[in-house]
Amino acid sequence: MKTSTIVAATVGTLAVASIGYALYFDSKRRNDPEFRRKLKKERKRASKVMKEEEQKQATRTAKSVDEALASINEAEFPTSMEEREKFCMEQLSTGEALFTQGPEGFDMAAICFYKALKVYPAPAELVMVYQKTIPPEVFTLVMGMLSADVQKKQEKYYTVFPPKEMNVKVDELPEGVTAEGKKVVRRGLIASKDFAVGETIYSEAPLVSSLEPSLEGNEFCHYCLKQITEEASKVPCTSCTKVVFCSEACSTPAMAEFHGVLCTKDSEDADTPERGLYDYSKEANYKYPGMIAKFLVRMVHEDSLNSSEEYNPFDHIERLRFLEVRPSAAEEKEIQLLKLALGSKIPGIEEFINEDRYLTLKGKLLYNAYGVTTSLDSSRSVEPSPEQLRSVHDSPVVGAGFYKVTSYMSHSCDPNTKIVFQEHNNTLSVVATKEVKAGEELHSGFIDQKNGTLSTEQRRQELFQHYRFKCMCSLCEASE
Ligand SMILES: [Zn+2]
Ligand SMILES: [Zn+2]
Ligand SMILES: [Zn+2]
């Protein structure tokens, strides 16, 4: 079967955003014997609906993709699952009725099929159905609309992200030329106003974070990673003995965003599927498999909220750099444990977590995650996990955070900012360590330079080993 790039793009964006809906549609189809009969009835009703649609759309008969897209009012897409299903069926049957009338109905049919695609839980599959069932002229128009839509969303991304109030923007910067003379660009984080030394440029909460496995369960908050110094304020999970929170303000969102799904519930049954992932992380001393689990659950959670956010967590991390991870027995096991822990609760997730996607997620964490430090005194020994982190601190790392904006910051051996955790939790702040002018690129240090005792050669070697680039920062270039 011919799979267009649009189908591929759709799988990456739209389909991902809609795993929640897949549950409803699929169970409906399987469990409802009335479903097929209703489908037929819908078709009969189509001619009537079509006339109404025709009147509604009479003034906006699309002549081109742009016109067709412009005729669609996003606000008319329903939000609840029930309404979305109804809307989808209406658009499909109306579209079908329209194209059977001949070429004069093609434009409007395409609009209907496009609308159905926008709310259907598995758009890539629907595209393949379209390809086999609708006239090529209509199909071309639908794909044209989809492609323009996806492109518009992609192009708009960096105009709305990062939010203006963070005082930074993401821009393309030149990074030399290839052997063939082709210009190479990379994305970096640019200050959008001036900052004096010591000023906080912005603060950012992580998309997902995790404690070092050895610190989990007693003294540190499972949500914000803060050290709990007062026993009285400690909030244990009500269903397990594996995690604690520093306050209700942390336990409530944690339960909603991920722990409600990932809780090992050991007070009820010692052998829950969630327990497998937990025990593995603890034994192997790995936090990234758990962070990936949290990320996936949060992604589905945000989707089910019909949040007003235009871009879901997957849209955000899709654009970030990642390290190539070669699959080993460990990853194979982690994928199995993840499927086991989530499979029964998030329909469609087992297909979604394939090897390729898991390795990419892991590679994103390895490249972008920052070490989180809190007020923990440096005499306390923490057994750090062997997983890679961007970290330059003397104080012990208590966990890792994955930050949407700060991930864009490039490394320099002589950076103009430092990363601090002012609130002693996982909220990261970027503070200017040099005077920064508007338009200047911001840099952080990815590695511990041992108080400046590392030679250029040693720094470059370490950076190449962990991040796969040859450092060309001003300090390194000056000593060449
Ligand atoms: Zn907390
Ligand atoms: Zn729990
Ligand atoms: Zn350097």
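Residues numbered from 1 in each chain as written. Chains lettered and ligands numbered in written order. Predicted model: local features only at pLDDT ≥ 70, side-chain atom pairs only at ≥ 80, totals over all residues. Heavy atoms only, no water.

Caption draft 1: Layout of the packing of helix H6 (residues 81-99) against helix H7 (residues 106-119). Relative to each other, H6 and H7 sit at 155°, their axes nearing to 8 Å. Put simply, H6 runs roughly antiparallel to H7. The chirality of how H6 crosses H7 is left-handed. Contacts from Arg84, Phe87, Cys88, Gln91, Leu92, Thr94, Gly95, Glu96, Leu98 and Phe99 in H6 reach Phe106, Met108, Ala109, Cys112, Phe113, Lys115, Ala116, Lys118 and Val119 in H7. Looking at the contact of H6 with H7 residue by residue, the classes come out as twelve nonpolar, three polar and four charged. (Axes fitted to C-alpha atoms, helices over the stretch in contact; angles between N-to-C directions. Helix = DSSP H or I, 4+ residues; strand = E, 2+ residues; numbered from the N terminus. Parallel < 35°, antiparallel > 145°, perpendicular 65-115°, else oblique. Left-handed = near helix turned anticlockwise from the far one by under 90°. Contact = heavy atoms within 4.5 Å. Nonpolar A, V, L, I, M, F, W, Y, C, P; charged D, E, K, R; others polar.)

Caption draft 2: Quick look at the coordination of the zinc ion (ligand 2). Protein coordination of the zinc ion (ligand 2) is provided by Cys237 (SG), Cys240 (SG), His259 (NE2) and Cys263 (SG), with donor distances spanning 2.1 to 2.3 Å. Binding-site remark: the zinc ion (ligand 2) is held by donors from one chain whose sequence spacing is C-x2-C-x18-H-x3-C. In this pair, Cys240 is assigned in the loop between strand E5 (235-236) and strand E6 (244-245) and His259 in helix H10 (residues 248-262), connecting sequence segments 19 residues apart. Just as Cys240 is buried, His259 falls in that class too. (Donors = N, O, S within 2.8 Å, 3.2 Å for Na, K, Ca; no water. Buried < 20%, exposed > 50% of the residue type's maximum accessible area, 1.4 Å probe, protein only.)

Caption draft 3: Representation of the sheet that holds strand E4 (residues 208-211) within the structure. Read across the sheet, three strands follow the order E4-E8-E7 without closing on themselves; strand pairing throughout is antiparallel. A strand with exactly one partner marks an edge of an open sheet, and here the two such strands are E4 and strand E7 (370-373). Each strand axis lies, on average, 30° off the axis of its neighbour in the sheet, ignoring direction. (Pairing = 2+ DSSP bridges.)

Caption draft 4: Structural detail: unusual backbone geometry. That bond from Phe161 to Pro162 is cis: its omega, -5°, falls within 30 degrees of zero. Counting through the fold element by element, Pro162 comes out in the loop between helix H9 (136-160) and strand E1 (168-177). A positive phi is found at Asn451, a non-glycine position, where the angle reads about 55°. Within the element layout of this structure, Asn451 appears in the loop between strand E12 (443-444) and helix H17 (456-467). For Asn451, a relative accessible area of 77% gives the class exposed. A positive phi angle, close to 60°, is found at Arg468, a residue other than glycine. You can see Arg468 is positioned in the loop between H17 and helix H18 (474-478).

Caption draft 5: Structural view of the coordination of the zinc ion (ligand 3). Those protein atoms acting as donors to the zinc ion (ligand 3) are Cys413 (SG), Cys471 (SG), Cys473 (SG) and Cys476 (SG), and they sit at 2.3 Å. Here the zinc ion (ligand 3) binds four donor atoms, and the angle range of 105 to 114° at the metal identifies the geometry as tetrahedral. The sequence pattern formed by the donor residues of the zinc ion (ligand 3) is C-x57-C-x1-C-x2-C. Exposure class is identical for Cys473 and Cys476. Each is buried. (Tetrahedral: all angles 85-135°; square planar, octahedral: opposite > 155°, others 65-115°.)

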